[in-house]
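Topology and contacts: notes
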Amino acid sequence: MFVIPSDFEDEMSKLRRYAVQHRMTTAFANFGGPSGRLRSAGRSAIWSETGDLLVQLEVNGSGIAVVEETEHSRRSRAIMVNDSAAV
């Protein structure tokens, strides 16, 4: 997606509701920087099926949100990538 800062809270609320309503893990991938003259809100994220925010990236920069789930546990992490080293 490309969500701008002024729309961010509304979009996050919708995605959290979708997770709960459909009882499924929900992921949001957003740009981590500007496009053209528009700023992006960044902060890609993942919610659990109960609507809990499991992981969220920073506003700026490249990265990936990861949630690993086993039968007995769930682990999440935000991995930010140094853009100058990205290939």
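Summary of the structure given here. (Residues numbered from 1 in each chain as written. Predicted model: local features only at pLDDT ≥ 70, side-chain atom pairs only at ≥ 80, totals over all residues. Heavy atoms only, no water.)

This brings us to the overall build of the protein chain. The helix and strand inventory of the protein chain stands at one helix and five strands. Helices and strands appear in the protein chain in the N-to-C order α-β-β-β-β-β. Along the first, second and third principal axes, the C-alpha set of the protein chain runs to 40 × 30 × 15 Å. Scored against the burial criterion, the 87 residues of the protein chain give a buried share of 26%. Nonlocal contacts in the protein chain, meaning residues at least 24 apart in sequence, comprise 31% of its contacts between residues at least 6 apart. For the protein chain, the separation between the mean place of its 10 positive charges and that of its 11 negative charges on side chains is 4 Å. (Helix = DSSP H or I, 4+ residues; strand = E, 2+ residues; numbered from the N terminus. Buried < 20%, exposed > 50% of the residue type's maximum accessible area, 1.4 Å probe, protein only. Contact = heavy atoms within 4.5 Å. Lys, Arg positive; Asp, Glu negative; His and termini not counted. Charge placed at Lys NZ, Arg CZ, Asp CG, Glu CD.)

Across the sheet, three strands lie side by side as β1-β2-β3; this open sheet has antiparallel pairing. Because the sheet does not close on itself, it has two edges, and the strands there are β1 (26-28) and β3 (53-56). This sheet shows a mean twist of 10° between the axes of neighbouring strands, independent of strand direction. In the sheet, β1 pairs with strand β2 (residues 45-47) via three bridges, with the strands oriented antiparallel. By the bridge assignment, Ala-27 is partnered in β2 with Ile-46. (Pairing = 2+ DSSP bridges. Axes fitted to C-alpha atoms, helices over the stretch in contact; angles between N-to-C directions.)

Geometry only, nothing functional implied.
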